[in-house]
Amino acid sequence: MATHTIPAAGGRVSRGGHPLAVHNTDLRQPATLAPRPYLHPVRSLAGTVTTQSLPVDHPHHLGLSIAFPDVNGTNFWGGSTYTPANGPILLDNHGVQRPHGWQSAPDAEFGGVSWLSHSGGQLAAEQRRIEYLHHPEPASWSLSVFSVIVPAEGIQRLEVSSSAVKGRKGAGYGGIFWRFPEVTGWPVILSEAGRGADAAHGSVSPWLSVSMVVDEAPVSVLLAQEPDQLLPWFIRAGDYLGAGPAVSWTQPAVVDHNNPLRLALHAVVHDGAVTTPAQALKLLQQHPFASRSSPDRTS
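This one's a predicted model, so the numbers in the text were calculated from it and none came from an experiment.

A. View of the layout of surface pockets. For the largest pocket, the calculated volume is near 280 Å³. What lines the largest pocket is a set of 21 residues, among which His58, His60, Trp77, Arg168 and Tyr173 lie closest to the centre. Counting residues per element, the ones that place at least two in the lining of the largest pocket are strand E6 (81-83) and strand E18 (233-236). For the lining of the largest pocket, a count of residues per class yields nine nonpolar, eight polar and four charged. Counted as a void, the second largest pocket has a volume near 220 Å³.

Put into structure tokens, the structure is as follows:
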């Protein structure tokens, strides 16, 4: 089992000499934050940090991670649990994602993740792969996350739910989630659905572009889903900035041994502003996986 922080990105570093991404696998977070592996910081080639971990407003947001508010009654998102009767309540129901058997290749990491319920038993088994990729556009690099989740041995069925399913309108978060850092001014958010977070939120746009200014540096993160697995986007840009495809937008996702939950998210991290859909699409179309369906790369 990995028990330490692993510099990622195949040894690739920013101009400041820092790893482009760091894979944190030591699970040091308090139980209420649903300890799990995550990427942070994720930097641009110029060294600008595009993720945030343990922010004061939502300390359970851990950079770029995979998390769900409710899997068979266990909170793998962290923080409070939404209840129809009383709203958000902090309950003793948090799970842990424990990595095991991870291996590294020159530009990839892959291995298993055991999802342990709040009672300590294994609830789900996952194979995950993270790829750190060259991008031909100057000042850009590419990243992809692949995941396949099935019930653990002895568990027949997983029900993956969200606060929206339980009645909290628009709160369908859960899946691969990117928490962005604090920014100066308002970010420029683009998608196939239009301009702005309101247009993107809940849409099944194949792509999403978030352009921001961090520590006086313009930087953009462009995200794309698999074309044949489009999910609604959950995005916030008011009290905090974060986004990801939502697995359980209006109803639970049901997972069994014959129907695994397959997740994928592709990203381009670009130094500079992205202000038009044409610019966003040009960058994404040069990502090795973003413009077509990808093979199963989790093994």
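More follows now that the structure is in view.
B. Here's a closer look at the nonpolar core. Among the nonpolar cores identified, the biggest contains 49 residues, and Phe68, Trp141, Leu143, Trp178 and Leu208 are the most heavily contacted of them. Of the residues forming this core, the biggest block, five residues, is contributed by strand E21 (residues 261-271). Trp207, Leu222, Leu283 and Leu284 belong to the second-largest nonpolar core, a separate cluster that totals ten residues.

C. Structural detail: empty space enclosed by the protein. Counted by the stated rule, this structure contains five cavities of 30 Å³ or more. Considering only enclosed or pocket space, the largest cavity measures out at about 80 Å³ in volume. Listed by contribution, the elements that provide at least two residues to the lining of the largest cavity are strand E3 (38-42), strand E4 (64-67) and strand E10 (122-134). Broken down by element, the residue count for the lining of the largest cavity peaks at three residues, all from E4. Class assignment of the residues belonging to the lining of the largest cavity gives a composition of eight nonpolar, two polar and one charged.

D. Highlighting the packing of aromatic side chains. All chains considered together, the criterion is met by nine aromatic pairs. Here the aromatic rings of phenylalanine 146 and phenylalanine 289 are separated by 5.5 Å at their centres, their planes lie at 75°, and the arrangement is edge-to-face. Pair noted here: phenylalanine 146 is in strand E11 (residues 140-151) and phenylalanine 289 is in the segment after helix H2 (277-284), with a separation of 143 residues, a long-range link. Ring-pair connections join several aromatic residues into one group, and the members of that group are Trp77, Tyr173, Phe177 and Phe234.

E. Here's a closer look at the side chain of threonine 74. Within the fold, threonine 74 resides in the loop between strand E5 (70-71) and E6. You can call threonine 74 buried: its relative accessible area is 1%. Excluding residues that lie within four positions of it along the chain, threonine 74 makes contacts with Pro69, Asn93, His94, Gly95, Leu116, Ser117, His118 and Leu123.

F. Quick peek at the sheet that holds E11. The strand order across the open sheet formed by nine strands is E8-E9-E10-E11-E21-E17-E16-E14-E15, and the pairing between neighbours is antiparallel. Strand pairing shows two members of the sheet lacking a second neighbour, strand E8 (96-105) and strand E15 (194-195), which therefore form its edges. Relative to E10, strand E9 (residues 108-116) runs antiparallel, the two being bridged by nine bridges. Residue pairing in the sheet places phenylalanine 110 in a bridge with arginine 129 of E10.

G. Broad picture of H2. If you check which residues of H2 are buried, you get Ala280, Leu283 and Leu284. Buried residues in H2, looked at end-on, bunch into an arc of 95°, giving them a common side. For H2, the elements touching its buried residues are E11, strand E16 (207-214), strand E17 (217-224) and E21.

H. Structural view of the pairing of strand E12 (residues 157-161). Examined bridge by bridge, E5 and E12 share two bridges and lie antiparallel to one another. Within the sheet, the bridge partner assigned to valine 71 lies in E12 and is valine 160. Two elements, E12 and strand E20 (residues 253-256), share four bridges in a ladder whose sense is antiparallel. Bridge pairing in E20 places arginine 157 opposite aspartate 256.

I. Spatial organisation of the pattern of salt bridges. Counted by the stated rule, this structure contains six salt bridges. With a closest N to O distance of 2.8 Å, arginine 179 and aspartate 57 form a salt bridge. Pair noted here: arginine 179 is in strand E13 (residues 175-179) and aspartate 57 is in the loop between E3 and E4, with a separation of 122 residues, a long-range link. Across the salt bridge formed by lysine 166 and aspartate 70, the nearest N and O atoms sit 2.7 Å from each other. Residue lysine 166 is located in the loop between E12 and E13, and its partner aspartate 70 is located in strand E5; the two are separated by 96 residues in the primary sequence.

J. Layout of the sheet that holds E5. Taken in spatial order, the three strands make up an open sheet running E5-E12-E20, and their pairing is antiparallel. Since the sheet does not close on itself, it has two edges, and those belong to E5 and E20, each with one partner.

K. Layout of unusual backbone geometry. Of note, the amide linkage connecting histidine 40 to proline 41 takes the cis form, showing an omega dihedral of -5°. Inspection of the secondary structure assignment puts proline 41 in strand E3. Here the phi dihedral of alanine 139 falls at roughly 65°; this positive angle occurs in a residue that is not glycine. Within the secondary structure layout, alanine 139 lies in the loop between E10 and E11.

Reading guide: rules and limits
- Residues numbered from 1 in each chain as written.
- Predicted model: local features only at pLDDT ≥ 70, side-chain atom pairs only at ≥ 80, totals over all residues.
- Heavy atoms only, no water.
- 1 Å grid on protein atoms, 1.4 Å probe; cavity = no way out; pocket = protein on both sides within 12 Å on 5 of 7 lines; lining within 4 Å.
- Points joined across faces, edges and corners; volume = space filled by probe spheres on them.
- Helix = DSSP H or I, 4+ residues; strand = E, 2+ residues; numbered from the N terminus.
- Nonpolar A, V, L, I, M, F, W, Y, C, P; charged D, E, K, R; others polar.
- Core = buried A, V, L, I, M, F, W, Y, C linked by side-chain atoms within 4.5 Å.
- Buried < 20%, exposed > 50% of the residue type's maximum accessible area, 1.4 Å probe, protein only.
- Phe/Tyr/Trp six-rings, centres within 6.5 Å; stacked < 30°, edge-to-face > 60°.
- Contact = heavy atoms within 4.5 Å.
- Pairing = 2+ DSSP bridges.
- Arc of directions from axis to C-beta.
- Salt bridge = Lys/Arg side-chain N within 4 Å of Asp/Glu carboxyl O.

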